[in-house]
Amino acid sequence: MVTLQGNIIYLRALEPEDLEFVYAIENDESIWEVSNTQTPYSKFLIRQYLENAHQDIYEAKQLRLAICLNSNSETIGLIDLFDFDPKNKRAGVGIVIQNEKHRNNGFGKQALELVLEYAFGQLQLHQLYANISLENKASIALFATFGFEIIGVKKDWNFNNYSFNDEGMFQLIKK
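All figures in this text were calculated on a predicted structure; none of them were measured in a lab.

### A look at the overall build of the protein
At step 1: Secondary structure assignment for the protein yields 6 helices and 8 strands.
At step 2: Reading the protein from its N end, one meets helices and strands in the order β-β-α-α-α-α-β-β-β-α-β-α-β-β.
At step 3: For a compact globule of 175 residues, the expected C-alpha radius of gyration is about 16 Å, and the protein comes in at 16 Å, within 12% of that figure.
At step 4: Each principal axis of the C-alpha distribution contributes one length, and for the protein these read about 40 × 40 × 30 Å.
At step 5: Burial statistics for the protein: of 175 residues in total, 43% are counted as buried.
At step 6: Sequence-distant contacts, at least 24 apart, represent 57% of the contacts inside the protein between residues at least 6 apart.
At step 7: Carbon and sulfur atoms provide 49% of the accessible area of the protein, an area that totals close to 10100 Å².
At step 8: Looking at the protein, you have 16 positive and 23 negative side-chain charges, and the mean spots of the two groups are 6 Å apart.

### A closer look at the sheet that holds strand 7 (residues 149-160)
At step 1: A sheet is described by the order of its strands in space; here 8 strands give the open sequence 1-2-3-4-5-6-8-7, paired in mixed fashion. Of all the strands in the sheet, just strand 1 (4-5) and strand 7 have a single pairing partner and so form its edges.

### Let's talk about the side chain of Asp80
At step 1: Residue position: Asp80 is located in strand 4 (residues 75-85).
At step 2: A distance of 2.9 Å separates the side chain of Asp80 from the side chain of Arg64, its partner in a polar contact.
At step 3: If we skip the residues at most four places from it in the chain, Asp80 touches Leu63, Arg64, Leu65, Gly92, Val93 and Gly94.

Definitions and cut-offs
- Residues numbered from 1 in each chain as written.
- Predicted model: local features only at pLDDT ≥ 70, side-chain atom pairs only at ≥ 80, totals over all residues.
- Heavy atoms only, no water.
- Helix = DSSP H or I, 4+ residues; strand = E, 2+ residues; numbered from the N terminus.
- Rg over C-alpha atoms; globule rule 2.2 N^0.38 Å.
- Buried < 20%, exposed > 50% of the residue type's maximum accessible area, 1.4 Å probe, protein only.
- Contact = heavy atoms within 4.5 Å.
- Areas by Shrake-Rupley, 256 points an atom, 1.4 Å probe, with all protein chains shown as cover.
- Lys, Arg positive; Asp, Glu negative; His and termini not counted.
- Charge placed at Lys NZ, Arg CZ, Asp CG, Glu CD.
- Pairing = 2+ DSSP bridges.
- Polar contact = N/O pair within 3.5 Å; in protein donor to acceptor, adjacent residues only side chain to side chain.

The structure is reproduced here in structure tokens:
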């Protein structure tokens, strides 16, 4: 896959050198809620995952890309297409920016824009969906910017911080 280039960031395939970054994200309990992670991952498992990251989206049914800054090539997050269903031309999409200092700077917006262009243009998908906690106002606003609409609410779906939280299912259908 070629690099997806934006004005302030670019997206690239994962490399073996991303081990420490992916390990840090997967083991950051503060973002487990958005990734549905419940237990830590070992470096061994992440190394195995990275060794198979070369698989085509049609084979793996998912695509995880590193979000990198144009200015210094620093990796700041990950964006995923998952549950890829080529027959029905749909996939889920998720994004995480690791560090607070990189949030609300337009990096996530440009990453999502690049993935939408790739999904609808290159992969010829008809629709994308995202599962977002209704407490995550920043993510809801980000996805709404691109026309994602809430199509349902899963009540008491996720248990975090000793309480249940609702999760919305957001959908974007290609016009």
